[in-house]
Amino acid sequence: MTARFALAALLLAGCTTVGPDYRQPDVAVPAQYAREHNANGLSDSELANWWHQFGDPQLDSLVARAIALNLDVQSAAARIREARARETLAGARNLPTIDAQASATRQRISENAIPTPPGAGAPGSGGAFGLPGSEFGTFRLGFDASWEIDLFGGTRRGIEAAGAHTGAAIWNRRDLQATAAAEVANAYFTLRTLQESIANTEADLARLQREEQLRRARFKGGLTSGIEVEQQKSDTANAAAQLQTLRADADSQIHAIGLLAGTTPEALIAELSPAKAIPAAPAIPAGLPSDLLRRRPDIRASERDVAAATADIGVATADLYPRISLTAAPALVSTALASLLDWGSRSYSLGASLLWPIFDGGKARANIAVANARQEQALMAYRKTVLTALKDVEDALSRTQADRQRLADLARSHEAISRAEQLSRTRYRGGLVTLSDVLANEGRRLSVEKQMIETRGALARDSVALFKALGGGWPEQQP
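Because the structure is predicted, anything quoted here is derived from the model rather than measured. Sequence positions are assigned chain by chain, starting from 1 and proceeding in written order. Only residues with pLDDT of 70 or above have their local features reported here, since the model is predicted, and side-chain atom pairs are shown and tallied only from 80 upward, although totals for entire chains, interfaces and linings are computed over all residues. Side-chain metrics in this entry use all non-hydrogen atoms of the structure; hydrogen atoms and water are not considered.

So, the overall build of the protein chain
Across its full length, the protein chain carries 11 helices and six strands. Seen along its three principal axes, the alpha-carbon backbone of the protein chain occupies a region of about 145 × 55 × 45 Å. Accessibility here uses a 1.4 Å probe with only protein chains present; expressed as a share of the type maximum, an area under 20% marks a residue as buried, one over 50% as exposed, and anything in between as partly exposed. Counting the 479 residues in the protein chain, one finds 39% classified as buried. Partitioning the contacts of the protein chain with sequence separation of at least 6, the portion at a separation of at least 24 is 85%. Computed with a 1.4 Å probe, the accessible areas rest on the Shrake-Rupley method; for each residue, only the protein chains presented here act as cover. Element-wise, carbon and sulfur atoms account for 56% of the exposed surface of the protein chain, whose accessible area totals about 25600 Å². In summary, the charge assignment counts Lys and Arg as positive and Asp and Glu as negative, without counting His or the chain termini. Charge positions come from single atoms, namely NZ of Lys, CZ of Arg, CG of Asp or CD of Glu. Counting 53 positive and 53 negative side-chain charges, the protein chain places the averaged centre of each group 1 Å from the other. Segments assigned H or I by DSSP are reported as helices when at least four residues long, segments assigned E as strands when at least two residues long, and all are numbered from the N terminus. Throughout, a contact is declared for two residues whenever any of their heavy atoms are within 4.5 Å.

Re empty space enclosed by the protein
Here a cavity denotes grid points, spaced 1 Å and computed from the protein atoms alone, that fit a 1.4 Å probe unable to get out, and a pocket denotes an open set having protein on both sides within 12 Å along at least 5 of 7 lines; residues with an atom within 4 Å of a point are the lining. Grid points are joined across faces, edges and corners, and a volume is the space filled by probe spheres set on the points. Following the criterion strictly, the structure yields two cavities of 30 Å³ or more and no others. As for the second largest cavity, its lining consists of Asp175, Ala178, Arg296, Pro297, Asp298, Lys468, Gly471 and Gly472. Mapped by element, the contributors of at least two residues to the lining of the second largest cavity are α5 (154-220) and α9 (297-317).

Things to note about the nonpolar core
The definition of a nonpolar core used throughout is a set of buried Ala, Val, Leu, Ile, Met, Phe, Trp, Tyr and Cys residues joined through side-chain atoms within 4.5 Å. In terms of nonpolar packing, the biggest core is built from 62 residues, with Trp50, Phe54 and Leu470 touching the most fellow members. Where this core is concerned, the elements lending two or more residues are α3 (57-69), α5, α6 (226-260), α9, α10 (363-429) and α11 (435-469). The dominant element in this core, judged by the number of residues it contributes, is α5, at 12 residues. Beyond its immediate stretch of four places on either side in the chain, Trp50 contacts Ala181, Ala182, Ala185, Val464, Phe467, Gly472 and Gly473. Val18, Ile149, Ala318 and Ile324 belong to the second-largest nonpolar core, a separate cluster that totals seven residues.

Here's the deal with the side chain of Ser334
Following the sequence through the fold, Ser334 ends up in strand β4 (residues 331-334). Counted as a polar contact is a pair of N or O atoms within 3.5 Å, where, for protein atoms, one must be capable of donating a hydrogen and the other of accepting one, and residues adjacent in sequence contribute only when both atoms are in side chains. One polar contact links the side chain of Ser334 to the main-chain carbonyl oxygen of Ala336, over a distance of 2.9 Å. With residues near it in sequence (within four places) discarded, Ser334 still touches Gly137, Thr138, Phe139, Ser339, Leu340 and Ser345.

Points about the pattern of salt bridges
Here, a salt bridge means any Lys or Arg side-chain nitrogen found within 4 Å of an Asp or Glu carboxyl oxygen. Applying the stated rule across the entire model yields 28 salt bridges. The partner of Glu271 in a salt bridge is Arg65, with the nearest N and O atoms 2.8 Å apart. Here Glu271 is found in helix α7 (residues 269-272), whereas its partner Arg65 is found in helix α3, with 206 residues between them in sequence. Arg65 sits in the partly exposed class, given a relative accessible area of 26%.

A short note on the confidence of the model for the protein chain
The pLDDT score gives, residue by residue, the confidence of the prediction method on a 0 to 100 scale. Residue-level pLDDT values for the protein chain average 88, and 91% of them are 70 or greater. α9 holds the highest mean pLDDT among the elements of the protein chain, 96, whereas helix α1 (residues 2-12) holds the lowest, 49.

Observations concerning the packing of α5 against α9
Interhelical geometry of α5 versus α9 gives an angle of 165 degrees and a closest axis separation of 8 Å. Taken together, α5 and α9 sit at an angle that is classed as roughly antiparallel. Helix-helix and strand crossings are classified by hand; for α5 and α9 the assignment is left-handed. Asp, Glu, Lys and Arg are counted as charged, while Ala, Val, Leu, Ile, Met, Phe, Trp, Tyr, Cys and Pro are counted as nonpolar; the rest, among them Gly, fall into the polar class. Here the residues of the contact of α5 with α9 are counted per class, giving 10 nonpolar, six polar and nine charged. The angle between two axes is taken between their N-to-C directions and runs from 0 to 180 degrees, where each axis is a line fitted to C-alpha atoms and a helix contributes only its stretch in contact. When an angle is under 35 degrees it counts as roughly parallel; over 145 it counts as roughly antiparallel; between 65 and 115 it counts as roughly perpendicular; any other value is oblique. A crossing counts as left-handed when the near helix is turned anticlockwise from the far one by less than a right angle, and as right-handed when that turn is clockwise.

Quick word on the environment of Leu326
Its place among the elements puts Leu326 in strand β3 (residues 323-328). For Leu326 and Leu59, which are 267 residues apart along the polypeptide, the C-alpha to C-alpha distance reads 62 Å.

In C-alpha cells form, the structure reads like this:
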C-alpha cells in the first residue's frame, strides 16, 4: 500500500506547478530619441570599453584597475557567490535527504520499574533479556532517508526565484562595473580640467601682478590714485586664493581616483600630478531606445527582480496544498557485535505522510497577498528603471549638444579676442595705446580660455554620462 501511494505521488509530482508563469514585462519605449535620429548606434564591443575612444592610455589603465580592484565591485562578486550558494540550497530541497547512522548502546532495566514475572528469576541476576535488573548492549548500523515530494511545485518555484536572484546579482555587479568606470573617468576629466584651470589661473595671476606693478609705478609718478593700486592688489590676492583652491581640488580628485581603484588615496599622486590636457570627447551616436532594454545592467537586474518576485508567488501558493513526505530507515540491529552483519539482523521501516493545512487563520493567503504586492512593486520599479534610463540618455544628449554649441561659440569669441589682443600689442609697440590696454585684452582672452577649459571638461564628463546611460562599461558585454 505504501509503495502504491509513493508511486502515485511520484506520478503526480512535476505535473502541477502553482503560481503564475513568468513573462518579461512589456514596457513601451519611443522609436527614437528626441535629440538623436541616428539608428546606427555604437556596437556592443565599442560600448563595452568606451573609455578607449578618448585616446588616453592613462585613463584606460585607471579604468581597468577600477573594474578589477574596486571594492564595491568585489563586494558585488561576493554577493554573486552568495546567490549561487542559495540557489544550491533551494535545489537541495527537491532531493531526498539520506543520513548514515551507527550507534552502540548499553542499557540496564530498572529492578523497580517493571514487576518481575513469576518464575523469571531473581532480580539483578542478569538473567533473561528484558527482565528487571538485566543489562544488554545494542548495536545499530543503517540509513535514514526522507523526501518531501514537490507535488505542487513550491520547491520548483523556489529554485526559479533563487536563479532569478542570482541573475540579478550578476547584473548588479555589471552595473557597479559600469558605475566604477564612469566615476573614474569623471574624476580623471575633472582632474585634467582643474590642472588646465591652474595653468590658466597662474597665467592670469602673472598678468595681474604685472598690472599691479604698472599701477604702483603710475601711482609713484602721480598719474593715478592709491585706490586703483589697492583695487589691483585685491584682484591679485583673489586670483592667488583661487589658485590654492584649485590645487586642493586637484589633490582631492587624485585621492578619489585612488579610492575608486581600490588603493590608498595617496597612491596615485606621483602618477597623476603631472598636468595633461583634457582628452577630446568623441562623437557618440545614441542608436535606438529599445537597445537600452538589453544593454543597461540596471534594467536587466530589475527585470530579474520581477522574475524572482513572480516565482515567490508560486512558493507562497504552494502552502495552500498538501505536502507528501516519504521516509525509509533500513538498518542492521543486534545485541551482539559479532552478529550485526548477519541477514537476520536486518530491520527497516517505510512510511508516507500527508500534511494538509486545514485552518491557519488566513496565514497562507496573507503570504500570497504579500507576494503579489511585492511582485507589483518589482514591476513598478522595473518600469521606473526603464523610464529613468530614457531620461538619462535624453539628458546626456541635451547636455553634450549644448556643450558642443557652447564650445563653438567660445571658439569664435576666443578668435576675436586673440585678434584684439594682437592688435593692441602692435599698437602698444607703436606707442598708440598703454600697457594697461594690452593687459586688459590679455585678461579677456584668459577669461575666455578659462570658460573653454570648463566647457571641454563638461563635454568630456557629459560624454561619459552618455556612454553610461547607453549601457556601456561592463567588460562582459564585449564577448
